[in-house]
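Listed below, chain by chain, are the residues.
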Amino acid sequence: MPIHRILIVEDEPLIAMMLEDFLDALGKECVGTCDTVLSARATIADENPDAVILDINLSGGEKSWPVADDLAARGIPFVLSSGGEEVAEGHADRPRLGKPYTMDGVERALAALG
């Protein structure tokens, strides 16, 4: 299945906007941006994205691992993004997108999904 509709889970608004611009330039559709686990879960249920760019560390110390688990259970591919190297059990094989983000990096990470 081609990956076209992407959800961004990122707690920094300027970074989320930059990712939206990258997706647009790459010919992808951003189906939304979320900054909490709760909003991400709701948007995934409503929008059924083709893939997700998932920041591991969200505001207030919240971790996005519950979202990663949900995506894996639903068979929705996702890229883990982080400034660090942390990975939760069961997600070590996921494509990574390191910060600072670049358009080439986003393109490579999405290509790694299929």
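What this report covers is the structure whose coordinates are included nearby. (Residues numbered from 1 in each chain as written. Predicted model: local features only at pLDDT ≥ 70, side-chain atom pairs only at ≥ 80, totals over all residues. Heavy atoms only, no water.)

### Section: the nonpolar core
In this structure, Leu 7, Val 9, Val 52, Leu 54, Val 67, Leu 71 and Phe 78 are the most contacted members of the largest nonpolar core, which totals 18 residues. Breaking this core down by element, the ones donating at least two residues are strand 1 (5-9), strand 2 (29-34), helix 2 (37-47), strand 3 (51-55), helix 3 (65-74) and strand 4 (78-82). With four residues, helix 3 is the single largest residue contributor to this core. With residues near it in sequence (within four places) discarded, Leu 71 still touches Ile 44, Val 52, Leu 54, Ile 76 and Phe 78. With 16 residues, the next largest nonpolar core counts Ala 16, Ala 51, Ile 53 and Val 106 among its residues. (Core = buried A, V, L, I, M, F, W, Y, C linked by side-chain atoms within 4.5 Å. Buried < 20%, exposed > 50% of the residue type's maximum accessible area, 1.4 Å probe, protein only. Helix = DSSP H or I, 4+ residues; strand = E, 2+ residues; numbered from the N terminus. Contact = heavy atoms within 4.5 Å.)

### Some thoughts on helix 3
By the burial criterion, the buried members of helix 3 are Trp 65, Val 67, Ala 68 and Leu 71. For helix 3, the buried positions fall inside an angular range of 155° around the axis, keeping them on one side. The inward-facing, buried residues of helix 3 contact helix 2, strand 3 and strand 4. Two residues or fewer after helix 3 comes Gly 75, characterised by a positive phi angle close to 75°. (Arc of directions from axis to C-beta.)

### Digging into the pairing of strand 3
In terms of residue burial, strand 3 counts as a mostly covered element, since five of its five residues are buried. Covered by surrounding structure in strand 3 are Ala 51, Ile 53 and Asp 55 together with Val 52 and Leu 54, the residues of both alternating faces. Where strand 1 meets strand 3, four bridges bridge the pair, whose relative direction is parallel. The residue bridging Val 9 from the neighbouring strand is Leu 54, located in strand 3. Relative to strand 4, strand 3 runs parallel, the two being bridged by four bridges. In the sheet register, Leu 54 faces strand 4, and the bridge partner there is Leu 80. (Pairing = 2+ DSSP bridges.)

### Here we look at the state of the cysteines
Throughout the structure, instances matching the rule amount to zero disulfides. No disulfide involves Cys 30; its sulfur sits 8.9 Å from that of Cys 34, the nearest cysteine. The exposure class of Cys 30 is partly exposed, given its relative accessible area of 25%. (Disulfide = S-S within 2.5 Å.)

### Quick look at the sheet that holds strand 4
The strand order 2-1-3-4-5 describes an open sheet built from five strands, whose pairing is parallel. Of all strands in the sheet, those with a lone pairing partner are strand 2 and strand 5 (96-98), marking the two edges. Across this sheet, the average inter-strand angle for adjacent strands is 20°, counted without regard to direction. Both strand 4 and strand 5 contribute to a ladder of three bridges, which runs parallel. Counterpart to Leu 80 in the pairing with strand 5 is Arg 96. (Axes fitted to C-alpha atoms, helices over the stretch in contact; angles between N-to-C directions.)

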